[in-house]
Amino acid sequence: MNGVAPPSDRRATGLDHGQARRRLASEGLNALPGSQHQPLLRIALKVLLEPMFLLLLTAGGLYLALGDRGEAGFLLGSVVFVIGITLAQERKTQRALEALRDLSAPRALVIREGRHQRIAATEVVRGDLLVLSEGDRIPADAVLREGLLEVDESLLTGEAAAVTRLPGGEAARVSAGTVVTKGRGLADVVATGPATAMGRIGLALASTQETPSGMQRASGRLVRALAVAAVLLAIGYTLLRWLWDGAGLLDSILSGVALSMAILPEELPVILTVFFAMGAWRMARHQVLTRRMAAVEALGAVTVLAVDKTGTLTQNRMRLMVLARPDGGEVGEAEPALPAGFGELLRCLLLATPASSFDPMEQAIHVYAARYPDDLGSDAETAPVREYALSHEVLAMTRAFATGALGLHLLAAKGAPEAIVALCRLAPPDAAMAVAQAEALAAKGLRVLGVARAQWQGPEWPESQRDFSYRLLGFAGFGDPPREGVSAAVAECRQAGVRVLMLTGDHPVTARAVGDRIGMAPGREVLTGDRIDALDDGLLRERLHRVDICARLRPEQKLRLVRLFQQQGEVVAMTGDGVNDAPALKAADIGIAMGQRGTDVAREAAALVLQDDSFASIVKALRQGRRIYDNISHATAYVFAVHAPVIALALMPALLHWPMLLLPAHIVLLQLVIDPACSLVFEAEPEAPDIMQRPPRPSSASPFAPAKLAYALGQGGGLAIILVCGCGIVLSLGWSAAAARTVMFVGLAACLLLLVLVHRQRHATAAPGQGNRWWLVMVAGLTAMLVVVLGIPPVRGLLALATPGPATAAATALVVLALLCWLALLPAMVSGSRRAWSLWRSARLDHNHARS
C-alpha cells in the first residue's frame, strides 16, 4: 500500500462490489451540484438570438405582410428546421464535452474486496476505504484511519497553509476537494456528492467555465464588426431601393434583409466551435485528452517542447539490463540461458532482494530472475534468518540464509558499488578496477548495484555488515529503456522546427545516455540545476541555445526555464506529473499532465492530459494541432470567397435598376450547403504531406488576417464579376427575371462546389474525394438540391425560378465554364505577378546599387 501499514480490523478489505453498487444506486454519483444539463429551451433561445435567425424571422414576417404565404412558410419552416439541427448538434457537442470531462476527471484509489482499485471519483461511495498519497485531490469527505497527512484546504477555508490530519478526533476529518500535499494514509468515506462540505457550499468544480481562445475572440470581433456594417449597409440599401429605384417599401426592406444575410459570415463561430470540438475528439483517439479548448489552437504554434524523461521518453519501467562479473564478462537481458559463471551472481542478487517489494529495481530483479529458474537453487525461496538494512553509514543491505551445514549461513549483499567494494576489502588495484567497471556501466546511463556474498558461522551475529568477509561477485546494471517510437518522434519534431528539451531530476549521466539513445543532439552540453542557479537570466538564455538536456532540476527551476523561453517569444508546451509541477504547467502555453502517473493537481493545472504518458502521443497532438489550424484557415478563406458573389448579387440589382435577383430563400438554401462544407468537409480534410516538415506558425498568426483573406476575396470578387455580367447579359437579351435568377442560382451553386474543390487541390495532394468522404456527400447533396429546386414545379415557383430549357442550360453552362476558368487561371496569375514583382524589385535594387 505504498508505505501504509495494512489495517488490522475486519474492514481492511473495504466494501465488496455488491455493496458499492447498491450504495451508488441509492445515494447517487459522487458529483457536486452545478453539473446539470443545459436546458433545450435555453439552447433554442440562444439560437434564435443569433443575427442570421433574426434576419430570417424578419424576412418571413415581411413575406406574410406582403401576402406571400408560401415564401413566408418556407423561410419560417427553415428556421424551425435549422433550430432542430442546431439543437441536435448542441446536445451532441455537450455530450461529447461531458464525456471528455468525465475521462479527464480525477480518479480515486480505493480498497474493495481486499484489492487496490483505481476508479472514477464519481463512483466513490460512502463506506469506501480510500488510499491517499501526496498530490491526490480527496474525492469525498472522509475520516483518516491510519497515516499522517498534510492537506491544503484553501479551497474551503481560504487559508494558504496546509493543515495536519491525524487519526482520532476532529483532526481526522478530511474534506472533498482538498489536496494532500504530503504524506500517505487510509481514510473511511463518510459523505459523497452534495452531502460533502463542498457540496453544501455549492461549488461547481466539475463545470468550470472555459474562456474563449484567442482565435474565438478574434472571430467574435470580426463577426460583430461585419454585423454592424451589414445593418448599416442594409439600411442604406433599403432607402436606395425605395427612394431611388422606386420599389415598394416592403420589397426594399426584403432587399436590405437579403443583403445583410449575404454579408454576415455567421459560419465563422460555427467553424471554430466544430473544429476545436472535433479536434479534441480526434486527439482523444490518440490518447490525448483536452481539458481546455484553447490548447487545440495553440498546438500548431508550439516551438519548444519541454518533456520529462521518466515515463514520457522512457517506459518508466526499470529493467535489469546487464550483469557484469569482475573479470569483465557481461550478459544482457535477451539471453535465452545464463552463460557459465553468472548463476551465482544472479542467485545472490535475488537472495539480497526481499520477496515482496515496491522498489522498481527490486521488482526488476525478480522479473529477470524468473527467466532462469534453473540457475537459482532451492534456497532462493527460503526466508532469511537475519537482515542488515541499508543505512547512512553503509549504503548496502545484507540478508542471511541458513544452509544445509550446521550453523553455517550464506550472506547475500547488494548496494552502491563503492559500498560493496569497500565491504569486500579488495587490494587497492583490484578495488580501483572494480570501481572503474561500475563507473563504465553508469556512463551508459545505467543505475548500478554491486553484489557480494559471504559466509558466517558463530553463536553471536555481528552488529555491522562490515564485520563479514565478503567476496565480490559482480555488478547489476538497471535502466529505464526508451519508449518505442520515441526516436522517430524526436526526429519528426526536429524536422518540424519544434525544439525538444529534456527536463529531468535524474543524474546528468543517465539523462545524457537516454538522450543519446533517442537522438537528442548527441554530444551537446547537459545543464544541471546547480549551474542554472548560478547563472543570471541573460547568461542562462545564451546557454540554453547550446543545451537540449537539463538534469537534476527542481520544480521552481522548470518554471524559470519556461518563463525565459516565453520571454524570447517561444510557445512552450511542457509535461509534468507532480504537485510541484503545477506552477510550471500553468505558466506554459500548453501544460501537459501525465494521465497514468500524474497527480490530480497536475492534471487540473494542465490543458492536455496524456492517457498513455507517451512522448509519441504529444507529437501526434502537435500534428493534429497543425492540421486543425490549416483547415480552419481553408474554411475561413472559403467563407469569404463564397460570400463575395452573394453580396454582389444582393447589392448590384438596385444600383443597375434590375429586378431583385437574390431572395432570402435562395440564401437559406445556399446556407444549407455552405455550413456543412465548412463544418464537415474542411474539418475532415487530411493533413498536408508537408505538415511536419515546415516550421511552426507564428503565435500572432490568424486565419482572419487581411493578407490571408486577400486571395480568397480575389477569388470571390472574380466570381462575382462573372455572375453579375452573366445576369446582365441574359437580362439585356430580354430574358425574364426568373430566367436570369435561374442562371444566377445555378451559378452560385457551382461556386460552392468549385471553391471547395479549388481549396482542396491548392492545399493538398489528394484527388477529389480521396481521404474525405464528406466531399462526395456534399456533391451528392448539392446535386439533389438542384434536382429538387429545378425539377419540382411548386418548389421552383416558390423560389421564383424559371423552367429550365435548352437556352437556360446553355447560358448556365457558359457561366459555369467562365467560373471554372477564372478559378483555374487565378493561381497562375498570382504566381506570375509575384515573380514579376520580385524581378522588378531585384532590378530596382541592382540599379540603385549601380548608381551608388
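Residues numbered from 1 in each chain as written. Predicted model: local features only at pLDDT ≥ 70, side-chain atom pairs only at ≥ 80, totals over all residues. Heavy atoms only, no water.

Caption draft 1: Focus on the overall build of the chain. A count of helical and extended segments in the chain gives 29 helices and 22 strands. Every one of the 852 residues in the chain was classed for burial, and the buried ones make up 50%. Within the chain, residue pairs in contact and separated by at least 24 positions form 72% of the contacts whose partners lie at least 6 positions apart. Of the roughly 38400 Å² that the chain leaves accessible, carbon and sulfur atoms contribute 59%. (Helix = DSSP H or I, 4+ residues; strand = E, 2+ residues; numbered from the N terminus. Buried < 20%, exposed > 50% of the residue type's maximum accessible area, 1.4 Å probe, protein only. Contact = heavy atoms within 4.5 Å. Areas by Shrake-Rupley, 256 points an atom, 1.4 Å probe, with all protein chains shown as cover.)

Caption draft 2: Quick look at the pairing of strand β21 (residues 590-594). Counting buried positions over the 5 residues of β21 gives 5, a clear majority of the element. Alternating residues of β21 divide into Ile590, Ile592 and Met594 and Gly591 and Ala593, and every residue in both groups is buried. In this structure, strand β20 (residues 572-576) lies alongside β21, joined through 4 bridges in parallel fashion. Looking at β21, one finds that glycine 576 is bridged to alanine 593. As defined by bridge partners, β21 adjoins strand β22 (residues 608-610) across 3 bridges and the pair is classed as parallel. Looking at the pairing, isoleucine 592 lines up with leucine 608 of β22. (Pairing = 2+ DSSP bridges.)

Caption draft 3: Representation of the packing of helix α12 (residues 343-351) against helix α13 (residues 360-369) in the model. Orientation of α12 relative to α13, taken along the N-to-C sense of each, is 135°, at an axis distance of 10 Å. Here α13 runs oblique to α12, going by the angle between their axes. Regarding α12 and α13, the two cross each other, and that crossing is left-handed. In this structure, α12 uses Leu346, Leu349 and Leu350 to contact α13, whose residues at the interface are Ile365, His366, Tyr368 and Ala369. (Axes fitted to C-alpha atoms, helices over the stretch in contact; angles between N-to-C directions. Parallel < 35°, antiparallel > 145°, perpendicular 65-115°, else oblique. Left-handed = near helix turned anticlockwise from the far one by under 90°.)

Caption draft 4: Expanded view of the pattern of salt bridges. Applying the stated criterion across every chain, the model contains 24 salt bridges. Residue arginine 173 is joined to aspartate 141 by a salt bridge in which the shortest nitrogen-to-oxygen separation is 3.7 Å. Of this pair, arginine 173 sits in strand β6 (residues 173-174) while aspartate 141 sits in strand β4 (residues 141-152), placing them 32 residues apart in sequence. Taking relative accessible area as the criterion, arginine 173 reaches 31% and is therefore assigned partly exposed. One salt bridge in this structure joins aspartate 630 and arginine 694, with 2.2 Å as the shortest N-O distance. Taken together, the residues span a long stretch of sequence, with aspartate 630 in helix α23 (residues 615-656) and arginine 694 in the loop between α24 (664-681) and α25 (706-732) at a distance of 64 residues. Overall, arginine 694 belongs to the partly exposed group, its relative accessible area being 24%. (Salt bridge = Lys/Arg side-chain N within 4 Å of Asp/Glu carboxyl O.)

Caption draft 5: Structural detail: the packing of aromatic side chains. Under the criterion given, the structure shown has 8 aromatic pairs. Both rings, one in tryptophan 461 and one in phenylalanine 468, keep their centres 6.4 Å apart while their planes meet at 65°; by these two values the pair is edge-to-face. For phenylalanine 468, a relative accessible area of 1% puts it in the buried group. Both rings, one in phenylalanine 468 and one in tyrosine 470, keep their centres 6.1 Å apart while their planes meet at 80°; by these two values the pair is edge-to-face. (Phe/Tyr/Trp six-rings, centres within 6.5 Å; stacked < 30°, edge-to-face > 60°.)

Caption draft 6: How the structure looks around the sheet that holds strand β19 (residues 547-551). Sheet architecture is open: 8 strands sit in the order β8-β22-β21-β20-β9-β17-β19-β18, paired in mixed fashion. Looking at which strands have only one partner, the edges of the open sheet turn out to be β8 (288-290) and β18 (525-528). Taking each pair of neighbouring strands and ignoring which way they run, the sheet shows an average axis angle of 25°. Across the sheet, helix α20 (residues 555-567) lies against β9 (304-308), β17 (499-503), β19 and β20, angled at about 170° from β20, the strand it touches most.

Caption draft 7: Molecular detail of α25. Here α25 is 27 residues long and its end C-alpha atoms lie 37 Å apart, about the 39 Å a rise of 1.5 Å per residue gives. Once α25 finishes, glycine 734 follows within two positions and takes phi at roughly 90°, a positive value. (Expected span 1.5 Å × (residues − 1).)

Caption draft 8: Spotlight on the pairing of β4. As paired strands, β4 and strand β7 (residues 179-191) are joined by 11 bridges and run antiparallel to one another. Within the sheet, the bridge partner assigned to leucine 144 lies in β7 and is alanine 187. Pairing of β4 with β6 involves 2 bridges; the strand directions are antiparallel. Counterpart to alanine 142 in the pairing with β6 is valine 174.

Caption draft 9: View of a nonpolar patch on the surface. Taken together, Val231, Ile235, Leu239, Trp242, Leu243 and Leu249 make up a surface patch of nonpolar side chains, about 580 Å² in accessible area. The greatest single-element share of the nonpolar patch, amounting to 5 residues, is contributed by helix α7 (residues 214-244). With respect to the helices and strands, isoleucine 235 occurs in helix α7. (Patch = residues over 30% accessible without salt bridge, like charges linked within 9 Å, V, L, I, M, F, W, Y side chains within 5 Å.)

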